[in-house]
Amino acid sequence: MNINELCAACGMSQPTITRHIQQLELVGLITSEYMPSQQGIQKRCRLNYDRMLVTFENLAGTDMRMEEVSMPIGLYTIANPSGTCGLANRERIIGFVDIPQSFFDPERATAQILWMADGFVEYIFPCTLPSSAELIRLELMMEVCSEAPNFDLDFPSDISVWINGVEIGTWTSPGDFGGSRGRLNPDWWIDHMTQYGVQKIWSVDIDGSYVDGTKVSDVNFKRAMIVPNQPLSVRIGIKPDAEHQGGFNLFGSGFGNYAQDLVLRVHYSGKKVSVRHQGPPIAAAEGADSR
């Protein structure tokens with residue numbers, strides 16, 4: 001809607017609507033564009049997110065703590081790309097596009113975006129919690145989308161996550177996002193390429209596994225072999241029998257819309273108490289269809 005349409009829909013004055021729009025733009029909840037109209041230039045506003053979920057957990061009586069590890073996307077331990085694939089850092093393409101061997105170039109450690117039409121990447125995260133810690137929730141946060149030639153907003157892909165070799169859940173990305181530049185992309189990155197992803201959170205607790213707070217499987221801490229003071233392997237990829245085999249793009253802190261790498265968070269209690277999951281984990285805001 002433009003400003004006048006918002007005024008009519010909300011029953012508010014133009015100065016009030018304009019003030020609210022400025023605040024929503026400032027925190028990134030909406031994007032505004034100036035476009036021609038019959039009477040000159042109009043400011044049209046659109047949502048950046050389809051939904052936002054917030055949970056206030058009841059953790060009274062626990063010594064709630066959190067340990068976080070940020071992993072650069074190029075520091076994977078195993079990569080198995082096929083089809084369209086590649087990596088880039090802030091300065092250039094690493095190696096050669098569509099050559100899987102480029103994923104083993106030493107410069108991969110600087111990668112800020114990687115993509116593949118099929119296959120997976122796997123990371124090893126440290127977990128230095130004391131053995132006496134009581135695990136409450138593990139979260140894996142990433143910016144991700146499908147992988148199509150150039151970009152394609154309607155290109156679904158079933159992107160799965162495994163922890164310690166156990167599949168915890170799959171999210172179907174609606175497409176490979178482009179058409180407007182990613183906020184962090186370097187100037188040399190071509191406009192018709194993938195531009196940004198959606199921030200997603202896979203999580204595990206004692207009851208099961210979730211994507212953005214929605215339960216997707218019964219795989220819990222025990223089945224995923226998640227224990228304190230043991231490293232965790234995290235695999236991101238496409239299953240061979242996936243219904244939508246649309247590949248994936250992973251974004252680091254220097255590409256896309258979110259200034260972050262892969263983030264693993266372990267919420268735990270320092271006390272030996274019985275704490276059960278009180279509701280869905282805090283979920284990331286899901287990107288709106290940019291169309």
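Residues numbered from 1 in each chain as written. Predicted model: local features only at pLDDT ≥ 70, side-chain atom pairs only at ≥ 80, totals over all residues. Heavy atoms only, no water.

A. View of the pattern of salt bridges. In total, this model carries 10 salt bridges according to the counting rule given. For K215, the salt bridge identified is with D218, shortest N-O distance 3.3 Å. Using a relative accessible area of 43% as the deciding quantity, one classes K215 as partly exposed. (Salt bridge = Lys/Arg side-chain N within 4 Å of Asp/Glu carboxyl O. Buried < 20%, exposed > 50% of the residue type's maximum accessible area, 1.4 Å probe, protein only.)

B. Seen up close, the side chain of E139. In this structure, E139 sits in strand β7 (residues 134–145). Here E139 falls in the buried class, since its relative accessible area comes to 5%. Only 3.2 Å separates the side chain of E139 from the side chain of H267, close enough to count as a polar contact. (Helix = DSSP H or I, 4+ residues; strand = E, 2+ residues; numbered from the N terminus. Polar contact = N/O pair within 3.5 Å; in protein donor to acceptor, adjacent residues only side chain to side chain.)

C. Representation of the side chain of N164 in the model. If you trace the backbone, N164 turns up in the loop between β8 (157–163) and β9 (166–173). Polar contacts involving the side chain of N164 include one to the main-chain carbonyl oxygen of M225, which spans 3.0 Å.

D. Region of the structure containing empty space enclosed by the protein. If you walk through the whole model with that rule in mind, you get two cavities of 30 Å³ or more. Lining the second largest cavity we find E67, V69, P126, C127, L264 and V266. Contributing elements (two or more residues each) for the lining of the second largest cavity: β4 (64–71) and β15 (262–269). Residues belonging to the lining of the second largest cavity are distributed by class as follows: five nonpolar, no polar and one charged. (1 Å grid on protein atoms, 1.4 Å probe; cavity = no way out; pocket = protein on both sides within 12 Å on 5 of 7 lines; lining within 4 Å. Points joined across faces, edges and corners; volume = space filled by probe spheres on them. Nonpolar A, V, L, I, M, F, W, Y, C, P; charged D, E, K, R; others polar.)

E. Layout of the environment of L114. One can find L114 in strand β6 (residues 113–125). Through-space distance from the C-alpha of L114 to that of G237 is 12 Å; in sequence the pair is 123 residues apart. If near-sequence neighbours (up to four positions away) are discounted, L114 is found in contact with I73, Y76, G86, L87, F103, V121, Y123, F248, N249 and L250. (Contact = heavy atoms within 4.5 Å.)

F. Geometry of the pairing of β9. Summarising the sheet, β8 and β9 pair through seven bridges and their orientation is antiparallel. The residue of β9 that forms the bridge with V161 is G169. Following β8, the chain reverses through two residues before pairing antiparallel with β9; N164 in that reversal takes a positive phi of roughly 55°. (Pairing = 2+ DSSP bridges.)

G. Representation of the pairing of β8. With seven of seven residues buried, β8 is to be regarded as a mostly interior element. Of the two faces of β8, the one carrying S157, I159, V161 and I163 and the one carrying D158, S160 and W162 are both buried. Both β8 and strand β13 (residues 232–237) contribute to a ladder of four bridges, which runs antiparallel. Across the sheet, the residue bridging to I163 is V234, located in β13.

H. Broad picture of the confidence of the model for the protein chain. Here the protein chain shows a mean pLDDT of 88. Residues at 70 or above account for 90%. pLDDT under 50 marks residues 272–291. Its contacts with residues more than four places away, or in other chains, come to 64 contacts. (pLDDT = per-residue confidence, 0-100.)

I. Here's a closer look at the environment of V266. Its place among the elements puts V266 in strand β15. Taking relative accessible area as the criterion, V266 reaches 8% and is therefore assigned buried. In this structure the C-alpha to C-alpha distance between V266 and I124, which are 142 residues apart in sequence, comes to 14 Å.

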